[in-house]
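# Observations on the model geometry
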Amino acid sequence: MEVVDGAMQAVDGALDNAKNAMDNAIHRIKKEVKLQKQKSDSMCRLKTAHNWQEEKERVEDPDAPSYFWRAHTVTVLLVMICMLVYTALIETPVEDSTYNG
């Protein structure tokens, strides 16, 4: 009987050791997950290059000039059209094949 009791105590001790080892491993894993979550949360609080929240909350003013009517947009458009007309209609083409070749 004593042998059986000793074997049972050994088995109970081994089971307790295994349970403690598993509990310690689970505790370490939970601790590591918590640490990684804190790192991730701190990185999410960093600002990005563009403030998307402000972009979402911004209300467009209907009376504000559109992109086309902003300063210099029309001026640049007219200059480019003049350059295109000059190049296409007024400038004499070069007939030299070495220049075009």
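Here the structure is a predicted model, which means the values were calculated and not measured.

## Concerning the overall build of the chain
Across its full length, the chain carries four helices and zero strands. Beginning at the N terminus, the succession of helices and strands in the chain can be written as α-α-α-α. Per-residue burial over the chain gives 1% buried out of 101 residues. On the chain, roughly 10,100 Å² of surface is accessible, and the fraction owed to carbon and sulfur atoms is 63%.

## What to know about the pattern of salt bridges
Any two side chains of opposite charge can pair if their charged atoms end up close together. By the definition in use, this model includes one salt bridge. Between Lys 19 and Asp 23 there is a salt bridge, with its nearest N and O atoms 3.9 Å apart. With Lys 19 and Asp 23 both in helix α1 (residues 2-44), this residue pair falls four residues apart, about one helical turn.

## So, a nonpolar patch on the surface
The grouping of Leu 77, Leu 78, Ile 81, Val 85, Tyr 86, Leu 89 and Ile 90 at the surface amounts to a nonpolar patch, some 700 Å² of accessible area in total. Relative to the elements of secondary structure, Leu 77 occurs in helix α3 (residues 73-90).

## Remarks on the confidence of the model for the chain
Taken residue by residue, the chain gives an average pLDDT of 82. The fraction at 70 or more is 89%. α3 holds the highest mean pLDDT among the elements of the chain, 91, whereas helix α4 (residues 97-100) holds the lowest, 74.

Calculation criteria
Residues numbered from 1 in each chain as written. Predicted model: local features only at pLDDT ≥ 70, side-chain atom pairs only at ≥ 80, totals over all residues. Heavy atoms only, no water. Helix = DSSP H or I, 4+ residues; strand = E, 2+ residues; numbered from the N terminus. Buried < 20%, exposed > 50% of the residue type's maximum accessible area, 1.4 Å probe, protein only. Areas by Shrake-Rupley, 256 points an atom, 1.4 Å probe, with all protein chains shown as cover. Salt bridge = Lys/Arg side-chain N within 4 Å of Asp/Glu carboxyl O. Patch = residues over 30% accessible without salt bridge, like charges linked within 9 Å, V, L, I, M, F, W, Y side chains within 5 Å. pLDDT = per-residue confidence, 0-100.

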